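An overview of the molecular structure
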Amino acid sequence: GGGRSDRGGGMSSAALKTKAHYKLFIVLGFACLAHSAYSSIQYHKHLRMVGEDYAGSPLDILFEILLGFCLCAFGILNTANDFLPIKMAQTFEKKTVEDYLFRPEYVTFNHRGRVVGKMMLG
């Protein structure tokens, strides 16, 4: 039949939905971090108004920072692609030196050599 196989490295729709769920953790983590920054600024303003010295952030702000960091880390680690093995030989055993030296982003055909060559010849 004309059915499509997902063997070519493509992701299934279930995997994409799961990754979207993990991106929600990242958004919630950044929201917690932003709220904790806002709360910290408000706390500093309050201390200045009452004339007290800063002795450290309150525990609720510290807890919110920790929660935001954990949510972001959890979301990022689960949306990232699979990790490569640490042993380089397993990952790069089939590549040649030419594969590493060829960098197509540095190949340019529009440079001053063309103009200089015309000046030298003409």
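In what follows, the accompanying structure is described. (Residues numbered from 1 in each chain as written. Predicted model: local features only at pLDDT ≥ 70, side-chain atom pairs only at ≥ 80, totals over all residues. Heavy atoms only, no water.)

1. Looking at the state of the cysteines
- This model, assessed by the stated rule, comprises zero disulfides.
- Left without a disulfide partner, Cys 70 is nearest to the cysteine sulfur of Cys 72, which lies 9.5 Å away.
- Overall, Cys 70 belongs to the partly exposed group, its relative accessible area being 41%.
- Looking at the unpaired Cys 72, the closest cysteine sulfur is the one in Cys 32, lying at 8.3 Å.
- Its relative accessible area of 6% is what places Cys 72 among the buried residues. (Disulfide = S-S within 2.5 Å. Buried < 20%, exposed > 50% of the residue type's maximum accessible area, 1.4 Å probe, protein only.)

2. Comments concerning helix α2 (residues 59-79)
- Under the 1.5 Å per step criterion, the end-to-end length of α2 is 30 Å for 21 residues, consistent within 8% with the ideal 30 Å.
- Listing the buried residues of α2 in full gives Ile 61, Glu 64, Gly 68, Leu 71, Cys 72, Gly 75 and Thr 79. The arc enclosing the buried residues of α2, seen along the axis, measures out at 95°, which places them on a common side. Across from the buried face of α2, at angles greater than 90 degrees, the exposed residues are Leu 59, Phe 63, Leu 66, Phe 69 and Leu 77. (Helix = DSSP H or I, 4+ residues; strand = E, 2+ residues; numbered from the N terminus. Expected span 1.5 Å × (residues − 1). Arc of directions from axis to C-beta.)

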